[in-house]
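Here's the letter readout for the chains.
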Amino acid sequence: HVIGMSERMKGEVCATFPSVRVSVIPDPVDLSKFYPIKKNDRSSFKVLFSSVRQLNTGKRFELAERAFNIFNKKFPNSELVFMSGIPHNKVNEYINSVDVILLTSTHEGWPNIIKEGLACNVPFVSTDVSDLAQIVEFTSFCYVCAATPESLSAALEKAYDNRNKEKNLRSFVELMDKTVISRGMVSLYQQITVNLH
């Protein structure tokens, strides 16, 4: 029995190993620590890029930078914010200080920064990774794009146009709360144990 973090992972495993049982249980998010904070009025539009290391090739910061530079030429009041090494107890405040999260990864399980952003009602612009395209089907505030600077920049423009609109994105991660995920994990292991006997 395999546990994957996304429906995409499940599909990939099942395509290669059709007889294997696969359950989807993403890493949890602590909704008591990640929640919306009312934004102060500000003149700049902040785009957040998050990575442990700027030179992580899988995150493709150079692609994010190129996309932002195109966007910034049209909207010079915008700012690209790089988040790395922020103490965990400050991350909620940091995420709430931005307008959109930009993700340019080559692949992801279920990106934690996107979960945390959604919990704070902060939308995303992303390459087509994990199950993010499924979320885009149900909201006009988030965007999945081709991995080109032009496509990502165009999506940032849409996010800019929607910057002052009320958003309820937290509902997308309610079932990923740590309490719900913990119960699901315990329940799955109990089922597997019963089946073994």
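Preceding block: the structure.
Residues numbered from 1 in each chain as written. Predicted model: local features only at pLDDT ≥ 70, side-chain atom pairs only at ≥ 80, totals over all residues. Heavy atoms only, no water.

Draft legend 1. Structural detail: the pairing of strand β5 (residues 100–103). Burial along β5 is two-sided: the residues V100 and L102 and I101 and L103 are all buried. By the bridge criterion, two bridges tie strand β3 (residues 45–50) to β5 in an arrangement that is parallel. By the bridge assignment, L48 is partnered in β5 with I101. In terms of strand pairing, β5 meets strand β6 (residues 124–127) through three bridges, oriented parallel. Bridge pairing in β6 places L103 opposite S126. (Buried < 20%, exposed > 50% of the residue type's maximum accessible area, 1.4 Å probe, protein only. Helix = DSSP H or I, 4+ residues; strand = E, 2+ residues; numbered from the N terminus. Pairing = 2+ DSSP bridges.)

Draft legend 2. Layout of the packing of aromatic side chains. Within the structure shown, the criterion is met by nine aromatic pairs. A ring pair is formed by F75 and Y160, whose centres lie 4.3 Å apart and whose planes are at 40°; its orientation type is tilted. You can see F75 sitting in the loop between α2 (61–74) and β4 (78–83) and its partner Y160 sitting in helix α6 (residues 149–161), a full 85 residues away along the chain. According to the relative accessible area criterion, F75 is buried, its value standing at 16%. Ring pairing ties together the aromatic residues F45, F68, F71, F75 and Y160, which thus form one cluster. One Lys or Arg, R163, reaches over the ring of Y160 and ends 3.9 Å from the middle of that ring. Sitting over the ring of F141, K167 keeps its end group 5.2 Å from the ring centre. (Phe/Tyr/Trp six-rings, centres within 6.5 Å; stacked < 30°, edge-to-face > 60°. Lys NZ or Arg CZ within 6 Å of the ring centre and 35° of its normal.)

Draft legend 3. Examining the side chain of K167 more closely. When you line up the elements, K167 lands in the loop between α6 and α7 (178–196). For the buried residue K167, which engages in no salt bridge, the nearest side chain bearing the opposite charge is D99, 7.0 Å off. Within the structure, K167 has its side chain in polar contact with the backbone oxygen of R163 (distance 3.4 Å). Engagement of the side chain of K167 in a polar contact is seen with the backbone oxygen of K165, the distance being 2.9 Å. Discounting chain neighbours no more than four positions away, the residues touching K167 are N121, P123, F141 and N162. (Lys, Arg positive; Asp, Glu negative; His and termini not counted. Salt bridge = Lys/Arg side-chain N within 4 Å of Asp/Glu carboxyl O. Polar contact = N/O pair within 3.5 Å; in protein donor to acceptor, adjacent residues only side chain to side chain. Contact = heavy atoms within 4.5 Å.)

Draft legend 4. Spotlight on the pattern of salt bridges. Enumeration over the complete set of coordinates arrives at four salt bridges. For D128, the salt bridge is made with R8, and the minimal N-O distance between the two is 2.9 Å. Here D128, found in the loop between β6 and α5 (132–136), pairs with R8, found in helix α1 (residues 7–16); they are 120 residues apart in sequence, far enough to count as distant. Residue R8 is classed as partly exposed on the basis of its relative accessible area, which comes to 33%.

Draft legend 5. Representation of the pairing of β4 within the structure. Bridge count for β3 against β4 is six bridges, and the pairing is parallel. In the strand pairing of β4, L48 is matched with V81.

Draft legend 6. Representation of the sheet that holds β4 in the model. Strand order in the open sheet formed by five strands is β4-β3-β5-β6-β7, with parallel pairing between adjacent strands. Strand pairing shows two members of the sheet lacking a second neighbour, β4 and β7 (143–145), which therefore form its edges. With direction set aside, neighbouring strand axes in the sheet form an average angle of 25°. Taken strand by strand, α2 contacts β3, β4, β5 and β6, and its axis lies near 165° from that of β4. (Axes fitted to C-alpha atoms, helices over the stretch in contact; angles between N-to-C directions.)

Draft legend 7. Expanded view of helix α3 (residues 88–96). Taken together, the buried positions of α3 are V91, N92, I95 and N96. Viewed end-on, α3 has its buried residues packed into an arc of 120°, placing them on one side of the element. Pointing more than 90 degrees away from the buried face of α3 are the exposed residues N89 and E93. Structurally, α3 contributes buried residues whose contacts are with β3, β4, β5 and α4 (112–119). (Arc of directions from axis to C-beta.)

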